[in-house]
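This is what each chain is made of:
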Amino acid sequence: MHAPPLTPSPSVSTRRAGHRYWARLLPALAALACLTRLPSFARPLWNPDEGYLAVQSRLLAQGGRLYETVVDRKPPLVPWLYQGAFALTGSESLLCVRLLAVLAQCATAALLASLARRRWGDGAGRTAGVLYLLVSVGLNPQDAQAATFEVFILPGTAAALWCADRRRWRAAGAAVACAFLAKQTGAAVLLPVLWRCGARRGPVLRLALGAAPPVLAAALLTDPAGFLFWTVTGSGAYASFSGSPAHVLARAAGNAAILAVGCAALLPPLVRRAAGRADLWVWLAASAGAVGTGLHFFGHYYLQLLPPLTLLATAGLRALPPARTARTVFGAACCCVLFLTWGLLAPRGELDHARRLADTAARRTAPDERVLFWGMHPETYWLAGRAPASRYLTAGLLTNHSGGRSGARVGERYAVPGAWTVFRRETAARPPALIVDDSRGAPYAPEHLPTLRRLLASRYQEAGTVDGAVLYVRVRRD
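Treat the numbers as computed from the prediction; the structure is a model and nothing was measured.

Along the backbone of the protein there are 22 helices and five strands. For the C-alpha atoms alone, the extent of the protein along its principal axes is close to 110 × 50 × 45 Å. Relative to its full complement of 478 residues, the protein shows a buried share of 54%. A fraction of 76% describes how many contacts in the protein between residues 6 or more apart in sequence connect residues 24 or more apart. Carbon and sulfur atoms provide 62% of the accessible area of the protein, an area that totals close to 20,400 Å². For the protein, the distance from the average position of its 52 positive side-chain charges to the average position of its 25 negative side-chain charges is 14 Å.

Glancing now at the environment of V410. With respect to the helices and strands, V410 occurs in the loop between α20 (396–399) and α21 (419–429). By relative accessible area, V410 is classed as partly exposed at 22%. Along the backbone, V410 and L88 are 322 residues apart, and their C-alpha atoms lie at a distance of 40 Å. If we skip the residues at most four places from it in the chain, V410 touches T399, N400, H401, P443 and Y444.

The next point concerns unusual backbone geometry. With phi around 55°, L295 is a residue other than glycine that occupies positive phi space. Its place among the elements puts L295 in the loop between α15 (278–292) and α16 (306–318). Residue classification places L295 among the partly exposed positions, given a relative accessible area of 30%. We note that F297 has phi near 55°; this positive angle belongs to a residue other than glycine. Checked against the element boundaries, F297 lands in the loop between α15 and α16.

This paragraph deals with the packing of aromatic side chains. Under the counting rule described, the total for this entry stands at 10 aromatic pairs. Relative to W22, the ring of Y21 lies with its centre 5.2 Å away and its plane at 90°, an arrangement referred to as edge-to-face. For Y21, a relative accessible area of 3% corresponds to the buried category. Between F373 and Y381, the ring centres sit 5.0 Å apart and the planes meet at 75°, which makes this aromatic pair edge-to-face. Three or more aromatic residues joined by ring pairs form one cluster here, namely W374, W420 and F423. The ring of W46 has R43 lying over it, and the distance from NZ or CZ to the ring centre is 4.0 Å.

We now examine the pattern of salt bridges. Tallied over the full model, the rule gives 13 salt bridges. R196 serves as the salt-bridge partner of D165, at 2.9 Å between the closest nitrogen and oxygen. Taken together, the residues span a long stretch of sequence, with D165 in helix α7 (residues 149–165) and R196 in helix α9 (residues 190–197) at a distance of 31 residues. Overall, R196 belongs to the partly exposed group, its relative accessible area being 31%. A single salt-bridge network, built from bridges that share partners, covers R119, D165, R196 and D279.

Moving on, we get to the pairing of strand β3 (residues 434–437). Every second residue of β3 is oriented toward a common face, with L434 and V436 on one face and I435 and D437 on the other, all of them buried. Alignment of strand β1 (residues 370–374) against β3, held across four bridges, turns out to be parallel. For F373, the partnering residue across the bridge sits in β3 and is V436.

What follows deals with the side chain of T451. Mapped onto the fold, T451 is located in helix α22 (residues 450–459). Residue classification places T451 among the buried residues on the basis of a relative accessible area of 7%. Filtering out sequence-adjacent residues up to four positions away, T451 remains in contact with E412, W420 and R424.

On to helix α4 (residues 95–120), then. In this model, α4 (26 residues) spans 37 Å end to end at C-alpha, consistent with the 38 Å of a helix rising 1.5 Å per residue. G121 sits one or two positions beyond α4 and adopts a positive phi of about 110°.

Residue-level pLDDT values for the protein average 92, and 94% of them are 70 or greater. When mean pLDDT is compared element by element in the protein, helix α8 (residues 169–182) scores highest at 98, while helix α12 (residues 236–239) scores lowest at 62.

Take the packing of helix α2 (residues 48–61) against helix α3 (residues 77–89) next. Following both chains from N to C, one finds α2 and α3 inclined at 65°, their axes separated by 8 Å at the closest point. Classified by chirality, the crossing of α3 by α2 is right-handed. Between α2, through E50, L53, A54, Q56, S57, R58, L60 and A61, and α3, the contact on the second element is made entirely by V78, P79, Y82, Q83 and F86. Grouping the constituent residues of the contact of α2 with α3 by class yields eight nonpolar, three polar and two charged.

Parameters and conventions
Numbering of residues starts from 1 in every chain and runs along the sequence as written. Only residues with pLDDT of 70 or above have their local features reported here, since the model is predicted, and side-chain atom pairs are shown and tallied only from 80 upward, although totals for entire chains, interfaces and linings are computed over all residues. Excluding hydrogens and water, the side-chain values take into account all heavy atoms of the structure. Helix and strand labels come from DSSP, where a helix needs a run of H or I of at least four residues and a strand needs a run of E of at least two; each type is numbered from the N terminus. Relative accessibility decides the category of a residue: with a 1.4 Å probe and only protein chains considered, values under 20% of the type maximum give buried, values over 50% give exposed, and everything between is partly exposed. Whether two residues are in contact is decided by their heavy atoms, any of which lying within 4.5 Å being enough. Areas reported here follow the Shrake-Rupley algorithm with a probe of radius 1.4 Å; residue values treat only the protein chains shown as occluding. Residues counted as positive are Lys and Arg, residues counted as negative are Asp and Glu, and His and the chain ends are not counted. Charge coordinates come from a single atom per side chain, which is NZ of Lys, CZ of Arg, CG of Asp or CD of Glu. For Phe, Tyr and Trp, where Trp contributes only its six-membered ring, two rings pair if their centres lie within 6.5 Å, and the inter-plane angle classes them as stacked under 30 degrees, edge-to-face over 60, or tilted in between. Throughout this description, the term charge over a ring refers to an Arg CZ or Lys NZ atom that lies within 6 Å of the ring centre and within 35 degrees of the ring normal. Any Lys or Arg side-chain nitrogen found within 4 Å of a carboxyl oxygen on Asp or Glu counts as a salt bridge. Strand pairing is assigned whenever DSSP detects at least two bridges linking the two strands. In a helix, the anticipated span is given by 1.5 Å times the number of residues less one. Confidence scores per residue from the predictor, reported as pLDDT, run from 0 to 100. Fitted lines through C-alpha atoms give the axes, limited to the stretch in contact for helices. The angle between two N-to-C directions lies from 0 to 180 degrees. By definition, turning the near helix anticlockwise from the far helix through less than a right angle yields a left-handed crossing, and turning it clockwise yields a right-handed one. Any residue that is not Ala, Val, Leu, Ile, Met, Phe, Trp, Tyr, Cys, Pro, Asp, Glu, Lys or Arg is counted as polar, Gly included; the first ten are nonpolar and the last four charged.

What follows is the structure in structure tokens.
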């Protein structure tokens, strides 16, 4: 008699099937993530946020202290990522940061695929991962291709729902904290996580125990008072509404329309078939609230909508014939090609302007001299290789100016509290060798700002213009 052949237990077979599934899907998602991010490698910078982060990280590497000598209204995670990337490859290129953005998008897609697979099966997992990457570029390229805050929010938000699905509440809390530490609006994912746990005392307590350590660690590693001020209490003027309602509505509608084109293939299954997925709708609503915070409606804010939109569309496709899923993926791929082409061919007007200013500053100053670029393009410091004269890298923190508003309250009185006192002290202690007024008729022009006007009149003389920007050189008095 021969013993019957041994067969693996169902649990072993399931694990092997899972390993085969991910061994096939993850390389495909990685390749697609690289393809959809190709335009990001086509230029050194995509928007001023990247420039701001690049300058911040260079200052941190030179001994600067976050929330003290290096400031912004953002948590520290993304500046630290840039600083780490620069430590590996140098601060002359954003190549390493671009690769981190590819990794972040791939991780987000994989987490969404895992969420969909757990809920609706293998096919849904593949569909969710692929659809997410295809629609991830469906915005203006300067918003979709930049390696900025929102891109690094997304893995944390997807991980939070992934952990909540498995009732791993401490891990979910840690993921929420990571999303918040990338940018404050990342905390919006807490709402669907709370929905999943049903607001029961035990899970909520474990959520808090998971979320608190990363946030406390970030505060202690920087400056606790500065961390609280710059991430929460000091952003009231920026987050509150002021300006032209028509301008705000036009910006909101314009970026929503671009996103609708990018997600056009997802909208029919989402609208027709996705009712009943309550936690996903809560996630979408919370993300929409994050997009609307402060009523600025920058295009990159809309990236937070993509993970819940993708899962809702995937849920809707389950009830439709397989051919409909194939058509949806094909439609998303066509839209993706459209946006990738836009990214590769997009004009570089503002980048070319910043380069011309940077080249001028580099010619007119020594490497150890400080420069003040008065405007909203901090990338000019990075391109010029010159240290800023002040911790305030743009006119925004000193005047409350924002590109997302029109007719907003702008001026010295609306600055971050205490900012002008610090600015006067810094420019007196280390006078910039060159001041470049790049306001070009904006509301924050020097003629509207008494402190800056007095500084220019007392110590500087006009020395020409470049692309409409006025150059001022310091007068050396014997």
